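Understanding the architecture of this molecule
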Amino acid sequence: CHRLMESKIETAIFIGSACLVMLSLAMLLVMFYLNYRTKILNKEKESQLAAFKLAVMTEEKMKSTIAYDLHDGVIPTLSALSRNLEQHILNYRDGNFNIHALSNDYQVLIENIAEIRQITHNLVPKMVFNFGCIKAVESFTIGLNSTKYSTGFENKTNFKKIPFSKNEEVNIYRICLEILNNLTNHANYSYLKVIFSNTAQNMIIEIIHDGKGVTNEEINALTETSPGLGLKSLLSRALLLNAKIDYFVNEDVATVTIRIPYSNDIYQNNNVNSL
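One structure accompanies this document, and this report is about it. Once a new chain begins, its residue numbering starts again from 1 and follows that chain's sequence as written. The predicted origin of the model limits local features to residues at a pLDDT of at least 70 and limits the giving and counting of side-chain atom pairs to 80 or more, whereas totals for whole chains, interfaces and linings rest on all residues. As a convention, hydrogens and water are excluded, and side-chain values are obtained from all of the structure's heavy atoms.

1. What to know about the overall build of the chain
A run of H or I in DSSP counts as a helix once it spans at least four residues, and a run of E counts as a strand once it spans at least two, with each numbered from the N terminus. Helix and strand content of the chain: eight helices and five strands. In the chain, the succession of helices and strands from N to C terminus is α-α-α-α-β-α-β-β-α-α-β-β-α. Scored against the burial criterion, the 275 residues of the chain give a buried share of 31%. What makes two residues a contact is simply this: any of their non-hydrogen atoms within 4.5 Å. For the chain, the proportion of contacts with a sequence separation of at least 24, taken over those separated by at least 6, is 71%. Shrake-Rupley sampling with a 1.4 Å probe provides the accessible areas, and residues are treated as covered by the protein chains on show and by no other component. Surface summary for the chain: the accessible area is close to 17,900 Å², and the carbon and sulfur share equals 59%. Each residue is assigned to one of three classes by its accessible area relative to the maximum for its type, calculated with a 1.4 Å probe on protein chains only: buried under 20%, partly exposed between the two thresholds, exposed over 50%.

If you want it as structure tokens, here you go:
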């Protein structure tokens, strides 16, 4: 009987010790998870803060660029055109009117109008607020048409109402403009097309062109090494939208694909006619 009692006590001690060990391990796992989760949240907060700071820096850089373009580009040219116009009037009165000189000044004026239009696109995009980011991107894309290259646009979405706030639409518009400007300046394409479409989870923007393409690896390296803020601005705006930008290169065409998840459930409840 005494031996049986000792055995029961030993068993109870063993079970208690095992339970204590398991409880300690469970507590350690919980503490490890909480610590890990805290670190992840802190990193996310740091990333978001960095994105906001970068967005502010980008906006200030944009304002400086606009001021520079106006002061050193457009305004001096318009001043010269004003003086030339005055001279044309005097020449006309004196019977020395030169139609070729006037034609040259007219061409300079047309180029300045195009430059001013480009600058206004970089200001507060009123078209986004009045007509939405899809229509604004369409207007900008069609405006890129020239004798050097042609551009096209297609809207395949079935939104009744776009499921993004106006601030998010502005960021979407800025992302598209940055990519389109980069391609126009560096891709050497002859044809480009922008396509908007949608799924149950995302709005998708595809920019397809026949110029020089880049891969995700190449664009990541350029983002890290580039002294400018353009590519870094793309990264920050994509982070704010929780969007993903992918770059693909095929044999004949290159594609930039932007996937932007909806910010709320408006699309699920109200915006789908059919998928």
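We are not done yet, so read on.
2. Notes on the packing of helix α4 (residues 133-143) against helix α5 (residues 166-186)
Axis separation between α4 and α5 bottoms out at 9 Å; the angle between their running directions is 20°. The angle between the axes of α4 and α5 places the two elements in the roughly parallel class. Seen along the crossing, α4 lies across α5 with a hand that is right-handed. On α5, the residues touching C133, A136, V137, F140 and T141 of α4 are E169, I172, Y173, C176, L177, L180 and N181. Each residue is assigned to one of three groups, with Ala, Val, Leu, Ile, Met, Phe, Trp, Tyr, Cys and Pro labelled nonpolar, Asp, Glu, Lys and Arg labelled charged, and all others, Gly among them, labelled polar. In the contact of α4 with α5, the residues fall into nine nonpolar, two polar and one charged. Interaxial angles span 0 to 180 degrees and are taken between N-to-C directions of axes, which are lines fitted to C-alpha atoms, for helices over the stretch in contact. Reported orientations rely on four angle classes, namely roughly parallel under 35 degrees, roughly antiparallel over 145, roughly perpendicular from 65 to 115, and oblique for the rest. Handedness of a crossing follows from how the near helix is turned relative to the far one, being left-handed for an anticlockwise turn of less than a right angle and right-handed for a clockwise one.

3. Here we look at the pairing of strand β5 (residues 254-261)
For β5, the tally of buried residues reaches six of eight residues, placing the bulk of the element in the interior. Strand pairing is assigned whenever DSSP detects at least two bridges linking the two strands. Sheet topology note: the strand β3 (residues 202-209)/β5 ladder contains eight bridges and is antiparallel. Counterpart to I204 in the pairing with β5 is R259. As paired elements, strand β4 (residues 244-249) and β5 share six bridges and run antiparallel to each other. Residue I245 lies in a different strand from β5, and its bridge partner there is I258. Following β4, the chain reverses through four residues before pairing antiparallel with β5.

4. Observations concerning the sheet that holds strand β2 (residues 191-198)
Strand order in the open sheet formed by five strands is β1-β2-β3-β5-β4, with mixed pairing between adjacent strands. Pairing within the sheet leaves two strands with one partner each, and these edge strands are β1 (150-155) and β4. The average angle at which neighbouring strand axes cross in this sheet is 15°, direction not considered.

5. Notes on the nonpolar core
Only buried residues count toward a nonpolar core. Its members are Ala, Val, Leu, Ile, Met, Phe, Trp, Tyr and Cys residues joined through side-chain atoms within 4.5 Å. With 41 residues, the main nonpolar core has I179, M203 and I205 as its most contacted residues. Contributions of two or more residues to this core are made by α4, α5, β2, β3, α7 (230-241), β4 and β5. Looking at which element gives the most residues to this core, the answer is α5, with nine residues. Excluding anything up to four places from it in sequence, M203 contacts I134, F159, I162, F164, I172, F196, S197, N198, I258, R259, I260 and Y262.

6. Here we look at the packing of aromatic side chains
Ring geometry is summarised as follows: Phe, Tyr and Trp rings, the Trp one being its six-membered ring, pair when their centres sit within 6.5 Å, and such pairs are stacked at plane angles under 30 degrees, edge-to-face over 60 and tilted between the two. Summed over the entire model, instances satisfying the criterion amount to four aromatic pairs. Plain terms: the ring middles of F153 and F196 are 5.6 Å apart, the flat faces sit at 40° to each other, and that makes the pair tilted. Of this pair, F153 sits in strand β1 while F196 is found in strand β2, placing the two residues 43 residues apart along the sequence. Across this residue pair, the class does not change: F153 and F196 are buried. Their ring planes at 50° and their centres at 6.0 Å tell us that F164 and Y262 sit as a pair that is tilted. Highlighted residues: F164 in the loop between β1 and α5 and Y262 in the loop between β5 and α8 (266-271), separated in sequence by 98 residues. For the residue pair F164 and Y262, the accessibility class agrees, reading buried in each case.

7. Digging into α5
Taking 1.5 Å of rise per residue, the 21 residues of α5 would be expected to cover 30 Å, and the 30 Å separating its terminal C-alpha atoms lies within 8% of that figure. At the exit of α5 stands N188, carrying a positive phi of roughly 55°. Here the expected span of a helix is defined as 1.5 Å times the quantity of residues minus one.

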